[in-house]
Amino acid sequence: KPDDEDVTELVWNDPINNIYRKLIFNKAGTKLRGGILVGDAGDYTLLHRLSTQDGGLPENIAALLPPPSAQGAPAVSDEVPSDPSAQICSCNDVSRGTIEEAIVNLGIDKATLPAVKKCTEAGTGCGGCEPLVKSILKQQLESLGGSLSNSMCEHFSMSRPELMALVRTDADPSSVDSFEKILAKHGHGDGCEICKPAVASILASLVNGVIIDEGRDALQDTNDRSMANMQRGGSYSVVPRVPGGELTPEQLIVMGEVAKKYNLYTKITGAQRIDLFGAAKYQLPDIWEELGAVGLESGHAYGKALRTVKSCVGSTWCRYGVQDSVGFAIRVENRYKGVRSPHKMKSAVSGCVRECAEAQGKDFGMIATEHGYNLYVGGNGGVNPVHAELLARDIDEDTVIRYLDRYLMYYILTADKLERTAPWQMKLPGGKNGGGPIEHLKEVIIEDSLGICD
């Protein structure tokens, strides 16, 4: 409040690395009251937790001020909150304590990830908290004298990255080009709602066939099969792809005609697209046929794939723009649209450092400079926002694409199912010189330390 005098602050200003942090305490230094994190928010979860509880601050509160990157490595130890009251699932308001209690009640033998999700409803909404639930399950089982199985499900005794490696390196690709063949060779049983979409994602990455052809449609989630998002009451929303947020007058007119014809509610989304709500399932083929006639295709708003590449208007119109952000956003979106991944991916291109497209809050984002683009990777929003980290500075468009190709391939091949780029990136090993996971990525992607880029 403006008249609140019980306030003191600590400030970190690093103009070289574009990092600014302000932590606000009470004058006694016993309560963290708020803060501002720009450029490095890797310890957001820890700081947010400290601000919502009484006590728990270190004796030297100044130790909280330096960003993780200045301490030699990201603060990954706080990725899984230890406080029993900490919220893990925001969709269903499930705390860590509730999850721990369910694990104890289930016992070592019955405490599996599906069982914990069923008991607590954690991870049954958007699915974004599933890696946290899995980490808590692992910690709790170990404290009880057990261990967490790395199996993807009861039908595959391996994780997604392990299965991906087996399928990818098989000497006879034709023996692992369908779910049935992979199940027969590396699993058992009939498959389930967990392994079928995961294997479908692997096949989409390696075989690159049409995702709903040759029986692959049966492996997909409901939304993938319908190419639309199921909403409350069983109706669907349709989101056409709009690369760079750019639409022709003809496309806008057809969207309006479709919305009128089928009585759909329309809304501009936060990703610079137009969402058409209220379609019945039987109407979807006709709707897509009419939209497709003017070049509109599915925006994959439902898929574990690239959603959109957001952009500002850039140098074409804006007096501050230094690069053509719209043109580059369209190029990036058209290159990676349809690429299936362990989780959804979002991107953005900003035409100058004012960052109107919010590129540093995306899985990968580009910010224009006078000399090219700064490339950021590993950011996301949601209940635990993560600021993307700078991978490369002042590089041209072709170099951005080359580095993104390598980054996305590395992510798709090694991440677990339903794991966003941010938590995956945090789990990577540190660089050779102790610079944390971002330094490891620079070594792999830019320096080709693993010898796999060509």
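Parameters and conventions
Residues numbered from 1 in each chain as written. Predicted model: local features only at pLDDT ≥ 70, side-chain atom pairs only at ≥ 80, totals over all residues. Heavy atoms only, no water. Helix = DSSP H or I, 4+ residues; strand = E, 2+ residues; numbered from the N terminus. Rg over C-alpha atoms; globule rule 2.2 N^0.38 Å. Buried < 20%, exposed > 50% of the residue type's maximum accessible area, 1.4 Å probe, protein only. Contact = heavy atoms within 4.5 Å. Areas by Shrake-Rupley, 256 points an atom, 1.4 Å probe, with all protein chains shown as cover. Lys, Arg positive; Asp, Glu negative; His and termini not counted. Charge placed at Lys NZ, Arg CZ, Asp CG, Glu CD. Pairing = 2+ DSSP bridges. Axes fitted to C-alpha atoms, helices over the stretch in contact; angles between N-to-C directions. Core = buried A, V, L, I, M, F, W, Y, C linked by side-chain atoms within 4.5 Å. Salt bridge = Lys/Arg side-chain N within 4 Å of Asp/Glu carboxyl O. Phe/Tyr/Trp six-rings, centres within 6.5 Å; stacked < 30°, edge-to-face > 60°. Parallel < 35°, antiparallel > 145°, perpendicular 65-115°, else oblique. Left-handed = near helix turned anticlockwise from the far one by under 90°. Nonpolar A, V, L, I, M, F, W, Y, C, P; charged D, E, K, R; others polar.

### Comments concerning the overall build of the protein
Logical step 1: Secondary structure summary: the protein contains 14 helices and 14 strands in total.
Logical step 2: Here the protein has a C-alpha radius of gyration of 23 Å; the compact-globule value for 454 residues is 22 Å, and the two agree.
Logical step 3: For the C-alpha atoms alone, the extent of the protein along its principal axes is close to 65 × 65 × 50 Å.
Logical step 4: Per-residue burial over the protein gives 48% buried out of 454 residues.
Logical step 5: Taking contacts inside the protein between residues at least 6 apart in sequence as the whole, the part at least 24 apart equals 55%.
Logical step 6: For the protein, the exposed surface amounts to about 22,100 Å²; the carbon and sulfur share of it is 51%.
Logical step 7: Of note, the protein has its 47 positive side-chain charges centred 2 Å away from the centre of its 60 negative side-chain charges.

### Here we look at the sheet that holds strand β11 (residues 345–350)
Logical step 1: Taken together, the five strands give an open sheet; going across it, the order is β10-β11-β12-β13-β14, and neighbouring strands pair in mixed fashion. This sheet does not close on itself; its edge strands, each paired only once, are β10 (306–311) and β14 (389–395). Averaged over all adjacent pairs, the angle separating strand axes in this sheet is 15°, with direction ignored.
Logical step 2: Here four bridges tie β11 to strand β12 (residues 364–369), and the two strands are oriented parallel to one another. Within β12, the position partnered with serine 347 by the bridge is phenylalanine 364.
Logical step 3: The strands touched by helix α11 (residues 325–336) within the sheet are β10, β11, β12 and β13 (372–377), with β10 carrying the most contacts at an inclination of about 175°.
Logical step 4: On top of the sheet, helix α14 (residues 437–446) reaches β13 and β14; it is set at about 45° to β14, its chief contact.

### Notes on the nonpolar core
Logical step 1: Within the largest apolar cluster, 52 residues are counted, with the highest numbers of intra-cluster contacts made by Phe156, Leu163, Phe364, Met366, Leu375 and Leu441.
Logical step 2: By residue number, the principal contributor to this core is helix α12 (residues 397–414), which donates nine residues.
Logical step 3: Val238, Leu276, Ala279 and Leu291 belong to the second largest nonpolar core, which has 17 residues in total.

### Remarks on the pairing of β13
Logical step 1: Burial within β13 is extensive, with six of its six residues counted as buried.
Logical step 2: Relative to β13, β12 runs antiparallel, the two being bridged by six bridges. Bridge pairing in β13 links isoleucine 367 to asparagine 374.
Logical step 3: When β13 meets β14, the two strands line up antiparallel, connected through four bridges. Bridged to tyrosine 376 within β14 is leucine 390.

### Quick look at the pattern of salt bridges
Logical step 1: For the coordinates displayed, the defined rule picks out 20 salt bridges.
Logical step 2: Of the charged contacts, one joins aspartate 405 and arginine 335 as a salt bridge, the two residues approaching to 2.6 Å between their closest N and O atoms. Of this pair, aspartate 405 sits in helix α12 while arginine 335 is found in helix α11, placing the two residues 70 residues apart along the sequence.
Logical step 3: Owing to a relative accessible area of 46%, arginine 335 belongs among the partly exposed residues under this scheme.
Logical step 4: One continuous salt-bridge network, built from bridges that share partners, spans Arg241, Glu297, Glu333 and Lys337.

### Side note on the packing of aromatic side chains
Logical step 1: Inspection of the entire model under this criterion finds six aromatic pairs.
Logical step 2: Aromatic side chains tyrosine 407 and tryptophan 424 sit 5.7 Å apart centroid to centroid with 75° between the ring planes, which places their arrangement in the edge-to-face category. Of this pair, tyrosine 407 sits in helix α12 while tryptophan 424 sits in helix α13 (residues 421–426), placing them 17 residues apart in sequence. Side by side, tyrosine 407 and tryptophan 424 carry an identical accessibility label, which is buried.
Logical step 3: Connected via pairs of aromatic rings, a cluster forms that spans Tyr407, Tyr410, Tyr411 and Trp424.

### Let's talk about the sheet that holds strand β3 (residues 32–38)
Logical step 1: Read across the open sheet, the three strands follow the order β1-β2-β3; overall the sheet is antiparallel. Each edge of the open sheet is held by one strand with a lone partner, namely β1 (8–14) and β3. Strand-to-strand twist of the sheet, defined as the mean angle between neighbouring strand axes without regard to direction, takes the value 5°.
Logical step 2: Each of β2 (19–25) and β3 touches helix α1 (residues 44–51); the most contacted strand, β3, lies at about 160° to it.

### So, the packing of helix α5 (residues 160–168) against helix α7 (residues 195–206)
Logical step 1: It is at 11 Å that the axes of α5 and α7 come closest, and there the two elements cross at 40°. One way to sum up the angle between α5 and α7 is to call them oblique. Along this stretch, α5 crosses α7, giving a crossing that reads as right-handed. Mapping the contact onto sequence places Arg160, Leu163, Met164, Val167 and Arg168 in α5 and Val199, Ser201, Ile202, Ser205 and Leu206 in α7.
Logical step 2: Residue composition of the contact of α5 with α7, by class: six nonpolar, two polar and two charged.

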